[in-house]
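# Tertiary structure, described
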2 protein chains.
Amino acid sequence: MSADDAAKVIQPADTVAISGFASAGTPKAVIPALANRIRDARASGADFTINLLTGASVSTETERLLAEVDGIALRMPYQSESTARKRINDGRMDYVDIHLSHVAQQVWEGYYGRVDVAVVEVAGVTEAGELIPSASVGNNKTWLDVAGKVILEVNSWVPEAVEGMHDIYYGTALPPHRKPIQLTRVDDRIGQPTFRVDPAKVVAVVETRGRDSASPLMPPDAVSEAIASHVIEFFDHEVRAGRLPADSLLPLQAGIGNVANAVLGGLDRSSYRNLMCYSEVIQDSMLRLIKDGTVEHASTTALALSEEGIEELTANIDFYRHHITLRPQEISNHPEIVRRLGVIAMNGMLESDIYGNVNSTHVMGTKIMNGIGGSGDFARNGYVSMFLSPSTARDGAISAIVPMTPHVDHTEHDTQVIVTEHGLADLRGLSPRRRAPLIIDKCAHPDFRPLLHDYFARAEAQPGAGQTPHILGEAFGFHQRYLETGSMR
Amino acid sequence: MSADDAAKVIQPADTVAISGFASAGTPKAVIPALANRIRDARASGADFTINLLTGASVSTETERLLAEVDGIALRMPYQSESTARKRINDGRMDYVDIHLSHVAQQVWEGYYGRVDVAVVEVAGVTEAGELIPSASVGNNKTWLDVAGKVILEVNSWVPEAVEGMHDIYYGTALPPHRKPIQLTRVDDRIGQPTFRVDPAKVVAVVETRGRDSASPLMPPDAVSEAIASHVIEFFDHEVRAGRLPADSLLPLQAGIGNVANAVLGGLDRSSYRNLMCYSEVIQDSMLRLIKDGTVEHASTTALALSEEGIEELTANIDFYRHHITLRPQEISNHPEIVRRLGVIAMNGMLESDIYGNVNSTHVMGTKIMNGIGGSGDFARNGYVSMFLSPSTARDGAISAIVPMTPHVDHTEHDTQVIVTEHGLADLRGLSPRRRAPLIIDKCAHPDFRPLLHDYFARAEAQPGAGQTPHILGEAFGFHQRYLETGSMR
């Protein structure tokens, strides 16, 4: 069927669940056709919006096309595209920002009503009628199970040899029928390589041939390299203290972006070998680490590669298939598994306060950037939970260490280590009053340290200053200064 | 050995781990003797502090005696006693407030250094040399395993018939050796009824005969009863919508205190029978529910009963033994189990902001009340996560619904339902801007609604107000007014 015809299956007010995680595996044809349909409907005076559910971010183009025509009433659970972001921050699009491990179960539990249509990209269909997943798994297994109608995009650009990289777990259930998930190693396989689908629900099959949009990466800069060095030094320190296994640490998780890419890339310079990674995305650095034996196996729910990374993976798919497993995001991010494996969680942040409360999502406390994604799944349940960030943003105008964050995504209870290019603050076992000077001295940019020390000293000097001293009238002084002058300085 | 002699085992700067959870099972003799020892040492000019690790709160008397002599350098993970609280808020005692499910693993992982001495109350010793637990399990299994020296208090007041109520799981490990915990029902038994201990480590056995301090409860008042009614109405609504099993819901968890007690008590008036409870404490209301068949089985890590409750349990221990299981808190609060069972999480709070960010611990953002306890373990991993509170405190001077909370323990991502005596706000699937009017209209006290609506309206009217509108200069207006005038009005 043509994409235009398939898009006609989708009706106004439908809840539409599509494939795509960190761009990878986003449907290529039906959603652009749907955006055209919505534009035409709107031009003729009709209203046409959908609720859009995904794995995480979908391709920039897809997100933008739907946002530009104001086609989305409700978006869940994650986005990272500028047009959609503006619609959300202008109050024109509802956005529900939840832990990525919660998505599938909350949809099963009925919190988002009926899913009318699923649009899922696959690499192919087996003779038995099962579906070969493409470059991400995300929530596709759930979408295929719960949707009333299914539209498949079969993308011939995805090499057939991808078959076998995926491990689709069919053991989930709603309580009281849930069972232990019997995964105890990063490279365990507990499912099957393909998706099942009820053929009676498949209302359209659309052939496509399009590559995933690449995730461009900057070459590591001095700041990222410095953060990476502090992280590796910390690993060495923990190994010497007997708190991490000497040979291959524990499974690593790193968020998405340049800093995470640099930290993983930095492992090449370390003495660690045969490492395991248990994460939600794989970036370019991972391919190199696998190739040279630094990483033995990486589990993920999506590939987020640059052009070069895509070339490398495609050219050597038979090699990488033995070292990479793609899982549903309810497994890649599952608290049960993350805690059992003892994952070392490394996530980015926008800012931390002087006590370790972390804001990952809201610029100046109000404007959403992307979303919490899987950071909470890993931070809460990891063996050790680290947050990484450059100490400043916007050419030094914004400090990543502030007196109080005007939005909290990760509480002091979940933050154990904070790292910037200036150093690493190990907060384990410390009360808030001990944390503050450490975070300021180790992590804040030197230009901001006097201001932060001054705030903390005056807050602590108040009579009955409390467990977590603050001066409420000044707590957002950094942010208010930025809003008024364009700088926190 | 006498308690005084046993207390001499404990040296200045030791890390001492003791039994006790919600007061139950606190050692009765050695710690008071230690407090005397510390007082004497201090009188003679010597310094003497310990680091104190527990299950959660220990008996008020124990906490107070040690705090009064300034005997604690570092306290972890929970307290609820006024002298200790004052020391903490004055900056004289370090307090680390962490999720109760994290305690055992973080001690195993070495985050708190070596545990020098464990002081554990038991009900008796079997012929095989194993230990019969008393009225709480908490972290006792871990303390006995990791401590260099063990002091046992054998409390003959605890009826011998308690043997068999406990299920001590010995399957935990440090990663990479962790295995799935094979518990799939509230009443499953996966361990053994007794603690193991290496006899070579037992340096003292002290005989005691003392009852646990009671947890006094107020009879349910109109506010608690109204909250309970809203909760039960919600259950009915969820059953009708097909989101909860009609016959016996899903396992219930309720925090400690009068509201939780009233909510559970209110189930007696409902049509639900054969309910399961999976929680960290059992209060009086649970005994009645078990007796009349409303609750089939309750899993907990501690009993927190009033005088009457203690009498009732003791007099009918052979009956209750079949309906109550006491587990280590790393199992009662384990994310893996809470999520698998689909626990309905009901926890108290100090305040919520208009978007569902919840403060459970810090009065006016600075002064610790008790601690996060297990609320995060249940809220993050539950099937549905509810926070309950009277809409006002201090005779109406404090609103439990505020524009922004100056401390966050549970983020918007983890809050699904908020309940006060005025109503219930179901936040599932709603963006922040949709949440605010609902929380204000359903949950805030009518006197505070105009102020809250005014704040939200003006925040939302700002150009580019964002996903979560706020006016930073006014966000703590309620709290600043209270600090200046004694009232948020």
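Reading the values: the criteria
- Residues numbered from 1 in each chain as written.
- Chains lettered and ligands numbered in written order.
- Predicted model: local features only at pLDDT ≥ 70, side-chain atom pairs only at ≥ 80, totals over all residues.
- Heavy atoms only, no water.
- Domains from an automatic or database assignment.
- Contact = heavy atoms within 4.5 Å.
- Buried area = accessible area lost by both parts, 1.4 Å probe.
- Salt bridge = Lys/Arg side-chain N within 4 Å of Asp/Glu carboxyl O.
- Polar contact = N/O pair within 3.5 Å; in protein donor to acceptor, adjacent residues only side chain to side chain.
- Helix = DSSP H or I, 4+ residues; strand = E, 2+ residues; numbered from the N terminus.
- Buried < 20%, exposed > 50% of the residue type's maximum accessible area, 1.4 Å probe, protein only.
- UniProt positions renumbered as here; feature names shortened; annotations may be inferred.
- Nonpolar A, V, L, I, M, F, W, Y, C, P; charged D, E, K, R; others polar.
- Least-squares fit on C-alpha atoms with pLDDT ≥ 70 in both.
- Pairing = 2+ DSSP bridges.
- Phe/Tyr/Trp six-rings, centres within 6.5 Å; stacked < 30°, edge-to-face > 60°.
- Lys NZ or Arg CZ within 6 Å of the ring centre and 35° of its normal.
- pLDDT = per-residue confidence, 0-100.
- Axes fitted to C-alpha atoms, helices over the stretch in contact; angles between N-to-C directions.
- Parallel < 35°, antiparallel > 145°, perpendicular 65-115°, else oblique.
- Left-handed = near helix turned anticlockwise from the far one by under 90°.
- Expected span 1.5 Å × (residues − 1).
- Core = buried A, V, L, I, M, F, W, Y, C linked by side-chain atoms within 4.5 Å.

A separate point is the domain arrangement of chain A. Often, the extent of an interface is quoted as the loss of accessible area upon association of its parts. All names here are of chain A. As far as domains go, chain A holds domain 1 (3–208) and domain 2 (222–484). Put simply, the middle of domain 1 and the middle of domain 2, counted by C-alpha atoms, are 28 Å apart. Contact residues are listed per partner, giving 47 residues for domain 1 and 47 residues for domain 2. Considering only the side of domain 1, the residues that lose the most area to domain 2 are Met165, Ile181 and Val186, jointly responsible for 21% of the buried surface there. Counting across the interface, domain 1 meets domain 2 through one salt bridge. Close ionic contact of Asp167 with Arg327 constitutes a salt bridge, the shortest N to O distance being 3.0 Å. Joining domain 1 to domain 2, the criterion identifies 27 residue pairs in polar contact (both at pLDDT 80 or more). Per element, the largest residue contribution to the side of domain 1 that touches domain 2 is three residues, and it comes from helix H4 (residues 82–89).

Moving on, we get to the environment of Ile317 of chain B. Residue and element names in this part refer to chain B. Inspection of the secondary structure assignment puts Ile317 in helix H11 (residues 317–320). Taking the relative accessible area as the measure of exposure, Ile317 reaches 8% and is therefore buried. With 158 residues separating them in the primary sequence, Ile317 and Pro159 have C-alpha atoms 8.4 Å apart. Those residues in contact with Ile317 that lie beyond four places of it in its chain are Ala161, Val162 and Met165.

On to the UniProt feature "domain: Acetyl-CoA hydrolase/transferase N-terminal" (unreviewed entry) in chain A. Mapped onto the present numbering, the UniProt feature "domain: Acetyl-CoA hydrolase/transferase N-terminal" (unreviewed entry) falls at residues 2–207 of chain A. Between the C-alpha atoms that bound residues 2–207 of chain A the distance is 8 Å, and the span itself is 24% helix and 19% strand.

Per the UniProt record, "domain: Acetyl-CoA hydrolase/transferase C-terminal" (unreviewed entry) is annotated on residues 309–455 of chain A. For residues 309–455 of chain A, helix accounts for 33% and strand for 24%, while the C-alpha atoms at its two ends are 46 Å apart.

What follows covers the pattern of salt bridges. One side chain can pair with another of opposite charge once the charged atoms of both are near each other. Residue and element names in this part refer to chain A. This structure, assessed with the given rule, holds 62 salt bridges over all chains. Across the pair Asp447 and Arg489 runs a salt bridge whose closest N-O atoms are separated by 2.7 Å. Taken together, the residues Asp447 in the loop between helix H15 (432–443) and helix H16 (449–461) and Arg489 in the segment after helix H17 (477–485) connect sequence positions 42 residues apart. Salt bridges sharing partners connect three or more residues here, namely Glu238, Arg243, Asp426 and Arg428.

All right, on to the environment of Ile418 of chain B then. All names here are of chain B. Looking at where Ile418 falls in the secondary structure, it is placed in strand E24 (residues 417–420). As a C-alpha pair, Ile418 and Gln79 span 339 residues in sequence and 25 Å in three-dimensional space. In this structure, Ile418 is in contact with Met349, Ser352, Gly356, Phe387, Ile401, Gly423, Leu424, Ala425, Leu427, Ile439 and Cys443, ignoring residues within four places of it in sequence.

Here we take up the interface of chain B and chain A. With 83 residues of chain B in contact, the opposing surface of chain A contributes 84 residues. Between chain B and chain A, the buried area comes to about 6800 Å², and carbon and sulfur atoms account for 50% of it. Taken as a group, Arg339, Arg380 and His413 of chain B account for 13% of the area that chain B buries against chain A, more than any other trio of residues on that side. Applying the counting rule to chain B against chain A returns four salt bridges. The partner of Arg434 of chain A in a salt bridge is Asp94 of chain B, and the shortest N-O contact between them spans 2.6 Å. For the interface between chain B and chain A, the tally reads 45 residue pairs in polar contact (both at pLDDT 80 or more). Every element with two or more residues in the side of chain B that touches chain A is listed here: helix H4 (82–89), strand E4 (94–95), helix H5 (103–108), helix H13 (335–341), strand E19 (367–368), helix H14 (375–381), helix H15 (432–443) and helix H17 (477–485) of chain B. A total of five residues in the side of chain B that touches chain A trace back to one element, the largest contributor, which is H13 of chain B. Its residues placed into classes, the side of chain B that touches chain A shows 32 nonpolar, 32 polar and 19 charged.

Moving on, we get to the relation of the copies chain B and chain A. By a simple turn and slide, chain B fits onto chain A: the slide is 0.0 Å along the axis, the RMSD is 0.0 Å, and the turn is 180°. In short, the pair behaves as if placed about a two-fold rotation axis. Across chain B, the smallest distance between a C-alpha and the rotation axis is recorded for Glu336 of chain B, namely 2.2 Å. With an isologous cut-off of 70% or more, the 100% of interface residues of chain B that recur at the interface of chain A puts this contact in the isologous class.

Another aspect to go through is the pairing of strand E10 (residues 275–278) of chain A. Residue and element names in this part refer to chain A. Here E10 shows no split at all, with Leu275 and Cys277 on one side and Met276 and Tyr278 on the other all buried. Judged from the four bridges that link them, E10 and strand E12 (residues 295–300) form a sheet pairing that is parallel. Residue pairing across strands places Met276 opposite His297, the latter belonging to E12.

Our next topic: the packing of aromatic side chains. Under the defined criterion, the tally for this structure stands at eleven aromatic pairs over all chains. Pairing Phe234 of chain A with Phe235 of chain A gives two aromatic rings, centres 6.5 Å apart and planes at 50°, and the pair type is tilted. Take Phe234 of chain A and Phe235 of chain A: they sit in the same class, and that class is buried. Judged by centre distance (5.1 Å) and plane angle (70°), the rings of Phe319 of chain B and Tyr320 of chain B are edge-to-face. Assessed through its relative accessible area of 33%, Phe319 of chain B is described here as partly exposed. Given the relative accessible area of 0%, Tyr320 of chain B is considered buried. In this structure, Arg428 of chain A packs its charged tip against the face of Tyr111 of chain B, placed 4.4 Å from the ring centre.

Moving on, we get to the confidence of the model for chain A. Across chain A, pLDDT averages 96, with 100% of residues at or above 70. The complex model carries a pTM of 0.98, and its ipTM stands at 0.97.

Below, the discussion takes up the sheet that holds strand E16 (residues 351–353) of chain A. All names here are of chain A. If you walk across this open sheet you meet the three strands as E17-E16-E23, and the pairing is mixed. Because the sheet does not close on itself, it has two edges, and the strands there are strand E17 (358–359) and strand E23 (401–402). Two elements, E16 and E23, share two bridges in a ladder whose sense is parallel. Within the sheet, the bridge partner assigned to Asp353 lies in E23 and is Val402.

Let us now look at the environment of Pro245 of chain B. As for its position among the elements, Pro245 of chain B is in the loop between helix H7 (222–240) and strand E9 (252–254). Residues Pro245 of chain B and Ala222 of chain B, spaced 23 residues apart in sequence, show a C-alpha to C-alpha distance of 29 Å. Beyond its immediate chain neighbours, meaning those up to four positions away, Pro245 of chain B contacts Pro176 of chain A together with Val239 and Leu250 of chain B.

Tracing the sequence through the fold places Asp116 of chain A in the loop between helix H5 (103–108) and strand E5 (117–125). Every residue in contact with Asp116 of chain A, bar those within four places of it in the chain, is listed here: Ala13, Asp14, Thr15, Ala147, Gly148 and Lys149 of chain A.

Attention shifts here to the packing of H7 of chain B against helix H8 (residues 258–266) of chain B. Axis angle and axis distance: for two packed helices, these are the angle between their axes and the distance between the axes, and together they describe the pair. Residue and element names in this part refer to chain B. Where H7 contacts H8, the axes come no closer than 8 Å and their chain directions differ by 50°. Considered as vectors, H7 and H8 are oriented oblique to each other. With respect to the hand of their crossing, H7 and H8 are arranged in right-handed fashion. From H7, Ser224, Ile227, Ala228, Val231 and Ile232 reach across to H8, where they touch Asn258, Val259, Ala262, Val263 and Gly266. Tallied by class, residues from the contact of H7 with H8 come to seven nonpolar, three polar and no charged.

Here we take up helix H2 (residues 30–43) of chain A. Residues and elements named next belong to chain A. In this model H2 runs 20 Å from its N-terminal to its C-terminal C-alpha over 14 residues, within 8% of the 20 Å that 1.5 Å per residue would give. Within H2, burial applies to Val30, Ile31, Pro32, Ala33, Leu34, Ala35, Ile38 and Ala41. Of the residues trailing H2, Gly45 is marked for its positive phi of about 90°.

Further remarks concern the nonpolar core. Membership of the largest hydrophobic core comes to 234 residues, with the highest contact counts inside it found for Phe235 and Met386 of chain A together with Phe235 and Met386 of chain B. Residues within four places of Met386 of chain A in sequence aside, it is in contact with Val231, Phe234, Phe235, Ile344, Ala345, Met346, Asn347, Val417, Val419 and Leu424 of chain A. If you look at the next biggest cluster of nonpolar residues, it comprises 63 residues, including Ala425 and Tyr455 of chain A together with Tyr355 and Ala444 of chain B.

An order of E17-E16-E23 (chain B) is seen for the three strands of this open sheet, with the pairing classed as mixed. Since the sheet does not close on itself, it has two edges, and those belong to strand E17 (358–359) and strand E23 (401–402) of chain B, each with one partner.

Our focus in this paragraph is the packing of H2 of chain A against helix H3 (residues 60–68) of chain A. Residues and elements named next belong to chain A. Packing of H2 against H3 brings their axes to within 9 Å, and their N-to-C directions diverge by 10°. Here H2 is positioned roughly parallel relative to H3, judged by the angle of their axes. Contact with H2, carried on its side by Ile31, Pro32, Leu34, Ala35 and Ile38, involves Thr62, Leu65 and Leu66 of H3 and no other residues of that element. Here the contact of H2 with H3 is composed, by residue class, of seven nonpolar, one polar and no charged.

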